[in-house]
Amino acid sequence: MKWYFVALLLTVLTSSQGILTTLSQSNGKYKYDYATVPFLAEVFKLIVSSVFLWRECRNSPPPKMTTDWKTVRLFPIPSVIYLIHNNVQFATLTYVDTSTYQIMGNLKIVTTGILFRLFLKKKLSNLQWMAIMLLAVGTTTSQVKGCGEASCNSLFSAPIQGYMLGILSACLSALAGVYTEFLMKKNHDSLYWQNVQLYTFGAIFNMAWLVFDDFRADFERGPWWQRLFNGYSITTWMVVLNLGSSGLLVSWIMKYADNIVKVYSTSMAMLLTMVLSVFLFSFKPTLQLFLGIIICMMSLHMYFAPPSMLVGLPPTVRSDPESLVAIPVDHKTDS
């Protein structure tokens, strides 16, 4: 399967996440416990990966599966990083407004490129670095509202703690992605075996978070397993399947492509969501949105196009052997 096909599919699924989540609301509120959605998505990914792993094990030769504890113990780490990241996100929103938070979230594009270079030792050309910076500028431009609006003034008026937490959130998001890619490419184990390990720990940590919520609320709504499917509709199940399918595609990209492909997919998905919102939710397109799309398209072309296409190198001129003129050379001997 070609990586660009998977990336395109991930873009479509990611762009529809926000739309499906909005449609799953009733009068602007969730009738279901939203914390159960990530848990069910992890369970869905675990079941799908287990089925594919079972099919692989029936083949000959069987897939490679490293069961050494030194390797297995590395797989809970991404779940821990994402758990910390989620808490930092909530803490950031206590200091900044939603618009500022979304704009600062684009820092993860740059931090992913930096950690991609430092930890995975992947060398990027100067053009590719420029493309990553352009992608961050493009996504930010598309999110900036008109200068006459209050949110534009609040962008640089948040407390310093908000900016520090925003930077920390971007670094944690990039670290989780880069570390996951390191795990997936660390050996030649079966992708589905690696997924089973990742999603097992993912489901455990999400379940632990649900238990923690119960203790924090003093079990006012009862234990989490009794309300697991309360308020669920067809749209809600579509959110779960969308989130789970997107996660499976991300693991494939981490195994056979890299983090930068994932960053481009999710960034383009954000722009696609804005365009679709024009038709679905009467979202008014802005000049900033069109400028952001153009900048991101330039960044996409700059990163993935061959350097010869970008620089415009002249074609190599091949000489015609018949047109070469023989030049006589005088050989002098020493007297």
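Values in this document were obtained by computation on a predicted structure and should not be read as measured data.

Explanation requested: a nonpolar patch on the surface in the structure shown.
A cluster of nonpolar side chains, Leu8, Val12, Leu23, Leu272, Val275, Leu276, Phe279, Leu280 and Phe281, forms an exposed patch at the surface whose accessible area comes to about 810 Å². Among the elements of the structure, α1 (3-23) and α12 (259-280) are those that each provide at least two residues to the nonpolar patch. When residues in the nonpolar patch are grouped by element, the largest group, five residues, is from α12. Its place among the elements puts leucine 276 in helix α12.

Can you walk me through the environment of threonine 22 in this structure?
Of note, threonine 22 is situated in helix α1. For the pair threonine 22 and threonine 235, spaced 213 residues apart in the sequence, the C-alpha separation amounts to 9.6 Å.

Honestly, the packing of helix α2 (residues 36-57) against helix α10 (residues 191-216) in this entry has me stumped. Any pointers?
When two helices pack together, their arrangement is given by the angle between the helix axes and the distance between those axes. Where α2 contacts α10, the axes come no closer than 8 Å and their chain directions differ by 155°. Here α10 runs roughly antiparallel to α2, going by the angle between their axes. For the pair α2 and α10, the sense of crossing is left-handed. For the pair α2 and α10, the contacting residues are Thr36, Pro38, Phe39, Glu42, Lys45, Leu46, Ser49, Ser50, Phe52, Leu53 and Glu56 in the first and Tyr192, Trp193, Asn195, Val196, Tyr199, Thr200, Gly202, Ala203, Asn206, Met207 and Leu210 in the second.

Please explain unusual backbone geometry as it appears in this structure.
Most of the time, phi is negative for any residue but glycine, and the peptide bond is trans. Of note in this structure, aspartate 218 is not a glycine but carries a positive phi near 60°. Tracing the backbone shows aspartate 218 in the loop between α10 and α11 (234-256). A positive phi angle, close to 55°, is found at phenylalanine 219, a residue other than glycine. Structurally, the position occupied by phenylalanine 219 is in the loop between α10 and α11. According to the relative accessible area criterion, phenylalanine 219 is partly exposed, its value standing at 37%.

Rules behind the numbers
Residues numbered from 1 in each chain as written. Predicted model: local features only at pLDDT ≥ 70, side-chain atom pairs only at ≥ 80, totals over all residues. Heavy atoms only, no water. Patch = residues over 30% accessible without salt bridge, like charges linked within 9 Å, V, L, I, M, F, W, Y side chains within 5 Å. Areas by Shrake-Rupley, 256 points an atom, 1.4 Å probe, with all protein chains shown as cover. Salt bridge = Lys/Arg side-chain N within 4 Å of Asp/Glu carboxyl O. Helix = DSSP H or I, 4+ residues; strand = E, 2+ residues; numbered from the N terminus. Axes fitted to C-alpha atoms, helices over the stretch in contact; angles between N-to-C directions. Parallel < 35°, antiparallel > 145°, perpendicular 65-115°, else oblique. Left-handed = near helix turned anticlockwise from the far one by under 90°. Contact = heavy atoms within 4.5 Å. Buried < 20%, exposed > 50% of the residue type's maximum accessible area, 1.4 Å probe, protein only.

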